[in-house]
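Results of the structural survey
Read off the chains here:
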Amino acid sequence: MNRAVIDFLLARKSAPIDQMSGPGPTDEEIDLMMRIASRVPDHGRLAPWRFILYRGAARREIGDRLAELAVKLEGELPEMRLEKERTRFSRAPLVVGVVSIARDNPKIPQWEMFLSGGAAAMNLSLAAQAIGYGANWITNWYSDTAEGRAILGLKANERVVGFVHIGVVDGDFPDRPRPDWKTLYTDYSGPEAG
Ligand SMILES: Cc1cc2nc3c(=O)[nH]c(=O)nc-3n(C[C@H](O)[C@H](O)[C@H](O)COP(=O)(O)O)c2cc1C
């Protein structure tokens with residue numbers, strides 16, 4: 001048994017984005033994370049996902065556009081809310097967009113392509129944390145609107161699996177309550193009626 005890996009997985013938790021700071025991952029670290037993120041189960045070897053890096057000044061430009069979109073969708077907004085939108089992508093030094101590209105395929109359902117994207121986002125989060133960064137996978141309102149996705153650089157046929165925020169986090173932070181895993185598994189007891 002690889003006890004170090006087991007302990008790492010047992011302790012894994014998302015880091016609060018507001019506590020993330022720089023420096024962000026180096027190009028070499030990003031390359032390593034991409035390599036790990038793309039090494040995931042993928043029925044038919046379709047690689048139905050891609051990754052977008054948001055770093056540097058682009059993060060604030062995105063925030064300004066998201067604030068404008070929020071006003072367009074919701075009307076006038078208080079300054080506090082506007083500032084929240086403006087800083088959506090600039091709290092962490094690096095945000096990685098995990099983008100699902102579902103294709104028509106005669107054999108492989110798109111559902112399975114989405115699931116593979118989830119595996120990529122999870123592997124990316126694990127890789128970031130294994131290197132020593134905090135990571136947090138979120139989607140948020142702009143993932144659910146075509147205009148939001150366009151601001152973030154997605155094509156019309158692409159969907160957001162998640163935006164994985166990655167940064168340095170000093171010190172510890174609380175875990176969230178976890179499900180009681182003992183209640184989550186049973187032996188097979190035959191087909192469901194109906
Ligand atoms: C697909 C997906 C989307 C999420 N979107 C959000 C979000 O928009 N906002 C949010 O606060 N948390 C969101 N979360 C939850 C955060 O990732 C959360 O911090 C995390 O699940 C905490 O659990 P962990 O410590 O086990 O990583 C999302 C999680 C998943 C899997």
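Now for a look at the structure at hand. All of these numbers come straight from a predicted model, not from anything done at the bench.

**Let's talk about the overall build of the protein chain**
Helix and strand counts for the protein chain come out as 6 helices and 4 strands. The order of helices and strands in the protein chain, counted from the N terminus, is α-α-β-α-α-β-α-β-α-β. The C-alpha extent of the protein chain, read off along each of the three principal axes, is 55 × 45 × 35 Å. In the protein chain, the share of contacts with a sequence separation of at least 24, taken over all contacts with a separation of at least 6, comes to 81%.

**What to know about the nonpolar core**
Side chains of nonpolar character tend, in soluble globular proteins, to be buried together. If you look at the biggest cluster of nonpolar residues, it comprises 34 residues, and the most contacted ones within it are V95, V98, L124, V164 and I166. Of all elements in the fold, only α2 (27-37), β1 (49-55), α3 (58-74), β2 (94-101), α5 (110-131) and β4 (158-167) reach the threshold of two or more residues within this core. Apart from the residues lying within four places of it in its own chain, the contact partners of I166 are G24, P25, A92, L94, V96, A128, Y133 and A135.

**Looking at the pairing of β4**
Of all 10 residues making up β4, 9 are buried, and the element is well covered by its neighbours. Summarising the sheet, β2 and β4 pair through 8 bridges and their orientation is antiparallel. Bridging across to β4, V99 finds its partner in V160. Both strand β3 (residues 134-138) and β4 contribute to a ladder of 5 bridges, which runs antiparallel. Residue pairing for β4: I138 is matched across the bridge by F163.

**Considering unusual backbone geometry**
A cis amide bond links G22 with the next residue in sequence, P23, at an omega value of 0 degrees. Looking at the secondary structure, you find P23 in the loop between α1 (3-11) and α2. Although it is not a glycine, R45 sits at a positive phi angle of roughly 50 degrees. By secondary structure assignment, the location of R45 is in the loop between α2 and β1. The exposure class assigned to R45 is exposed, which follows from the 6 C-beta atoms found within 10 Å. Positive phi values are uncommon outside glycine, yet A47 reaches one of about 45 degrees.

**Examining the site of the ligand**
Around the ligand sit K13, S14, N136, W137, I138, T139, N140, G162 and R176, and those are all the residues in its vicinity. With 3 residues, β3 is the single largest residue contributor to the shell around the ligand.

**Re the pairing of β2**
Counting buried positions over the 8 residues of β2 gives 7, a clear majority of the element. The sheet contact formed by β1 and β2 spans 7 bridges and is antiparallel. Across the sheet, residue L53 finds its bridge partner in β2, namely V96.

**Considering the sheet that holds β4**
Within a sheet, adjacent strands bond to each other through the backbone by hydrogen bonds, running parallel or antiparallel. Pairing in this open sheet of 4 strands is antiparallel, and the strands run β1-β2-β4-β3 from one edge to the other. Whereas interior strands pair on both sides, the edge strands pair on one side only; in this sheet they are β1 and β3. Strand-to-strand twist across the sheet, computed as the mean angle between neighbouring axes with direction ignored, equals 20 degrees. Set on the sheet, α3 makes contact with β1 and β2; between it and β1 the angle comes to about 100 degrees.

Criteria and thresholds
- Residues numbered from 1 in each chain as written.
- Predicted model: local features only at pLDDT ≥ 70, side-chain atom pairs only at ≥ 80, totals over all residues.
- Helix = DSSP H or I, 4+ residues; strand = E, 2+ residues; numbered from the N terminus.
- Contact = placed C-beta atoms within 7 Å.
- Core = buried A, V, L, I, M, F, W, Y, C linked by C-beta atoms within 7 Å.
- Buried ≥ 20, exposed ≤ 12 C-beta atoms within 10 Å, placed from the backbone.
- Pairing = 2+ DSSP bridges.
- Near = placed C-beta within 6 Å.
- Axes fitted to C-alpha atoms, helices over the stretch in contact; angles between N-to-C directions.

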